[in-house]
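Residue strings, one per chain:
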Amino acid sequence: MSSNGTTGRRNPLVGELAAEFAGTMILILLGVGVVAQVVTAGDGSLGDHDSIAWGWGIGVTLGVYVAARRSGAHLNPAVTLALAAFQGFSWRKVLPYSLAQTAGAFVAALIVRVGYADLIAAVDPDHTIKTQGIFSTLPGNGSGPVSIPTAFLDQVIGTAILVFVIFALTAAWNNPPLANLGPFIIGLLVVGIGMAWGANAGYAINPARDFGPRIASLLTGYGGAMRDQNDQLYFWLPIVAPLLGGLLGGFLFKILIEDHPLEPEATSEEAVSEPLPNR
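Residues numbered from 1 in each chain as written. Predicted model: local features only at pLDDT ≥ 70, side-chain atom pairs only at ≥ 80, totals over all residues. Heavy atoms only, no water.

Participant: Honestly, the overall build of the chain in this entry has me stumped. Any pointers?
Facilitator: Along the chain, the regular secondary structure elements total 10 helices and zero strands. Listing the helices and strands of the chain from first to last along the sequence gives α-α-α-α-α-α-α-α-α-α. Taken along its principal axes, the extent of the C-alpha atoms in the chain is 60 × 55 × 35 Å. Summing over all exposed atoms, the chain offers an accessible surface of approximately 13,000 Å²; the carbon and sulfur share of this is 65%. (Helix = DSSP H or I, 4+ residues; strand = E, 2+ residues; numbered from the N terminus. Areas by Shrake-Rupley, 256 points an atom, 1.4 Å probe, with all protein chains shown as cover.)

If you want it as structure tokens, here you go:
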């Protein structure tokens, strides 16, 4: 109750943004954290590519569980944009959600940077491209002969897969996972993308996941964070390509699946894993 005896009402958007911040922070703490562990070990004793893929997938699962009830757990500006374009999500929330997601990723990356500071300094005291990939993606993961057009296409494809399947998993009429298993399956989806589409560009598939940690690394000693191993300006690619890929995935879901509805008696009215409407 407020001082004048009336019941105070909080702006629901604040809670939604807090949930997006927190969910994305959990995602990055586990995702960037596992990359830091693998890279600073150097000899493979603390993991490899598969453990990185699983770490990111688990991070997505837990991040979605953190935020789903409150905000829908987009955790990704590409998902938010696609939901606005094809699923009726409010356009006025797209920018605030994206900023909250990027802020959560930034704070989480700072925590990883501080927590792994000693080990990073031991293996890469000059903070070079050798460990820059802990925080942000690079073409060919910093060493492979991958061109900018190939990396761009890779990010479009990976994010299109992500959004297409997320739409399929969260549509109440499309037999989605029940018993609140949706976040677990989405985590498996990210593991699969990492194992199949991780070579060309490190599968950022999320502008917030890449840009937030990239800024965190830039501010903490990685002067070349905005560029790739060939000194090409690269920070824009994991922003633009995933946004386009998300729109492509949403469009393909609409024309291939959503525009061909089942007969009314064959549809389900309820799905436990469906997040609350978020308009």
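Participant: What is the right way to look at the pattern of salt bridges in this model?
Facilitator: Scanning the entire structure with this criterion turns up four salt bridges. The salt bridge partner of K93 is E16, with a shortest N-O separation of 3.0 Å. Taken together, the positions of K93 in the loop between α3 (77–86) and α4 (94–115) and E16 in helix α1 (residues 12–41) put the pair 77 residues apart, joining distant regions of the chain. Taken individually, K93 and E16 each receive the classification buried, so the pair is uniform in this respect. Across the salt bridge formed by R214 and D210, the nearest N and O atoms sit 2.8 Å from each other. Separated by four residues within a single helix, R214 and D210 lie in helix α9 (residues 207–218), roughly one turn from each other. (Salt bridge = Lys/Arg side-chain N within 4 Å of Asp/Glu carboxyl O. Buried < 20%, exposed > 50% of the residue type's maximum accessible area, 1.4 Å probe, protein only.)

Participant: How should the packing of helix α7 (residues 148–170) against helix α10 (residues 237–258) be read in this particular structure?
Facilitator: Two quantities define a packed helix pair, namely the angle between the axes and the distance from one axis to the other. For the pair α7 and α10, interaxial distance at closest approach is 6 Å and the crossing angle is 45°. When the axes of α7 and α10 are compared, the pair comes out oblique. Classified by chirality, the crossing of α10 by α7 is right-handed. By residue class, the composition of the contact of α7 with α10 is 19 nonpolar, six polar and no charged. (Axes fitted to C-alpha atoms, helices over the stretch in contact; angles between N-to-C directions. Parallel < 35°, antiparallel > 145°, perpendicular 65-115°, else oblique. Left-handed = near helix turned anticlockwise from the far one by under 90°. Nonpolar A, V, L, I, M, F, W, Y, C, P; charged D, E, K, R; others polar.)

Participant: Even after reading the chapter, I still don't get the environment of A122, so can you show me in this structure?
Facilitator: By the secondary structure assignment, A122 is in helix α5 (residues 117–123). Since its relative accessible area comes to 61%, A122 is described here as exposed. In this structure the C-alpha to C-alpha distance between A122 and T220, which are 98 residues apart in sequence, comes to 16 Å.

Participant: Would you explain the nonpolar core in this entry?
Facilitator: Soluble globular proteins tend to bury their nonpolar side chains together. Counting residues in hydrophobic clusters, the biggest one holds 52 residues, and the most contacted among them are W56, F135, L162 and Y203. Elements with a contribution of two residues or more to this core: α1, α2 (49–71), α3, α4, α7 and α8 (182–196). Per-element tally for this core: the top contributor is α1, with 10 residues. Core analysis: the next-biggest nonpolar cluster, separate from the first, contains eight residues, I148, A201, Y234 and L237 among them. (Core = buried A, V, L, I, M, F, W, Y, C linked by side-chain atoms within 4.5 Å.)

Participant: When you look at the environment of F89 in this model, what are you seeing that I'm missing?
Facilitator: When you line up the elements, F89 lands in the loop between α3 and α4. Note on F89: relative accessible area 4%, which makes it buried. Expressed as a C-alpha distance, the spacing of F89 and P261, which sit 172 residues apart in the sequence, is 20 Å.

Participant: Help me understand the confidence of the model for the chain in this model?
Facilitator: Detailed reading of the predicted coordinates is not advisable wherever pLDDT is low. Confidence in the prediction of the chain, expressed as mean pLDDT, is 91, and 91% of residues score 70 or more. Between residues 266–277, whose pLDDT stays under 50, and residues either more than four places distant or in other chains, the model counts 21 contacts. (pLDDT = per-residue confidence, 0-100. Contact = heavy atoms within 4.5 Å.)

Participant: Just to check I follow, could you spell out the packing of aromatic side chains for this structure?
Facilitator: In this description, an aromatic ring pair is defined by two values, namely the gap between the centres and the angle between the planes. Evaluation of the coordinates by the stated rule reveals seven aromatic pairs. Relative to F253, the ring of W173 lies with its centre 6.0 Å away and its plane at 35°, an arrangement referred to as tilted. Taken as a pair, W173 in the loop between α7 and α8 and F253 in helix α10 lie far apart in primary sequence, 80 residues in all. Taking the relative accessible area as the measure of exposure, F253 reaches 1% and is therefore buried. Taking 6.3 Å as the distance between ring centres and 40° as the angle between the ring planes, the aromatic pair formed by F211 and F235 counts as tilted. Linking F211 in helix α9 with F235 in the loop between α9 and α10, this pair joins segments that are 24 residues apart in sequence. An aromatic cluster is defined as three or more aromatic residues linked by ring pairs; in this entry it consists of F164, F167, W173 and F253. (Phe/Tyr/Trp six-rings, centres within 6.5 Å; stacked < 30°, edge-to-face > 60°.)

Participant: Can you help me understand unusual backbone geometry in this one?
Facilitator: A negative phi angle is the norm for most residues apart from glycine, just as the trans form is the norm for most peptide bonds. Located in the positive-phi region is Y203, a residue other than glycine, with phi close to 40°. Position of Y203 among the secondary structure elements: in the loop between α8 and α9. In this structure, I205 is a non-glycine residue whose phi angle is positive, near 45°. Along the chain, I205 falls in the loop between α8 and α9. Among the residues examined, I205 registers a relative accessible area of 6% and is labelled buried.

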